[in-house]
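Next come the chains, spelled out residue by residue.
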Amino acid sequence: MRLSVLCLPLLLCAARPAVSGELLVGNKAADTVWRLSLDDGRKLGEFPTHKAPHEIVVAPDGKTALVANYGDRDAAGTTLSVLDLRGDAPPRIVDLGRHGRPHGLRFLPGGREALATTEASQHLLRIDVASGKIVADIPLGEGKGHMVAVAADGKSAFVTKVDRGTVSRIDLTSNRKLEEVEAGKGAEGVAVRPGSGEVWVSNREAGTVTVHQPKTLAILRTLPSPGFPIRVAFTPDGRWALVSNARAATLSVFDARRKRPVATVALSRDGAQYRDTMLGRAALPIGVVADPAKPRVFVAISGGDEIAVIDRKTWKPVAYWKTGREPDAVAVAAE
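We now turn to the structure provided with this report. As the structure is a computational prediction, the values presented were derived from the model and not from experiment. (Residues numbered from 1 in each chain as written. Predicted model: local features only at pLDDT ≥ 70, side-chain atom pairs only at ≥ 80, totals over all residues. Heavy atoms only, no water.)

### Remarks on the sheet that holds strand β22 (residues 240-245)
Spatially, β21-β22-β23-β24 is the arrangement adopted by the four strands of the open sheet, whose pairing is antiparallel. Only two strands of the sheet have a single neighbouring strand rather than two, namely β21 (229-234) and β24 (260-266). On average, each strand axis in the sheet is tilted by 20° relative to the strand beside it, whichever way the strands run. Note: β22 against strand β23 (residues 250-255), six bridges, orientation antiparallel. By the bridge assignment for β23, L242 is matched with V253. (Pairing = 2+ DSSP bridges. Helix = DSSP H or I, 4+ residues; strand = E, 2+ residues; numbered from the N terminus. Axes fitted to C-alpha atoms, helices over the stretch in contact; angles between N-to-C directions.)

Here it is in structure tokens:
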């Protein structure tokens, strides 16, 4: 695989002011990643990407981020962007060759390698980030692998397939797929609960979240999350599970230890001007991430070109930050 460099220095941000960290926002219809201050949401700069950035992950050391460039209806994307978060280097572009439509992303522990699902080729790729080389391409079988999560020890990965309603376990020691079990219709979001290893899956067509045992993927609990649950994430301590419901324009909050709902946060605002989305004229919340340093949650409001900032003490929105067009993926790069 070849590694090329995209040189667009005029589009990169200048020297950054001192901030406590950044929120990275992938603007799917603008082909950019914005850098927003965690202090007040002001724009610090932006990176250009290839077509339709769908997911973003930050390396464990906070120095780099990866972006999946999915492509559009006319042409499948075949690249990842590697972003320099501490310097002023332009993005590096990793060419995935025959593996099209990259989507789910995760760094492995240590940050030397990363995983990417590729819907067009139905594989999970293991990539050396520094060189841009694919070190393993793992067939996922029938269906399109969409999102991916990784166990804390880095020995297993978990991949959802929206079209099959399943979650699979991949052994990263042998680089092969093991179990694939039914989760729920439209299985999409997936995350591993910190401290427990449980695998949580949001099933958008079923309107549920399923909690799976990590070794067998047996379902331990099924929780209601009506309104097209599309992403699932956790607070760093593993106490709260956060699920964005795209059609309902809500955030479901679960006590992850007791496995019960505790709050439903309304994300659609009266009088707000939302544009046409895949669900009509709507707020369309998608990406969700918890602030690791403060009791806040960030949700990308794709139909409103903004980020909803939610106070975890009250489970109420306290601010809305402007983004580029059609924000989707979000990630925190803490200082």
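### As for unusual backbone geometry
Despite not being glycine, Q122 has its phi angle at roughly 60°, a positive value. Mapping Q122 onto the fold places it in the loop between β10 (113-118) and β11 (123-128). Accessibility expressed as a relative area gives 30% for Q122, which makes it partly exposed. (Buried < 20%, exposed > 50% of the residue type's maximum accessible area, 1.4 Å probe, protein only.)

### Focus on the pairing of strand β5 (residues 53-58)
Burial analysis of β5 places six of its six residues in the buried class, which makes it a mostly covered element. Of the strand pairs in this sheet, β5 and strand β6 (residues 64-71) are connected by five bridges, and their pairing is antiparallel. From the neighbouring strand, E55 faces β6, where its bridge partner is A68. From the end of β5 to the start of β6, which pair antiparallel, there are five residues, and G62 there has a positive phi angle of about 75°.

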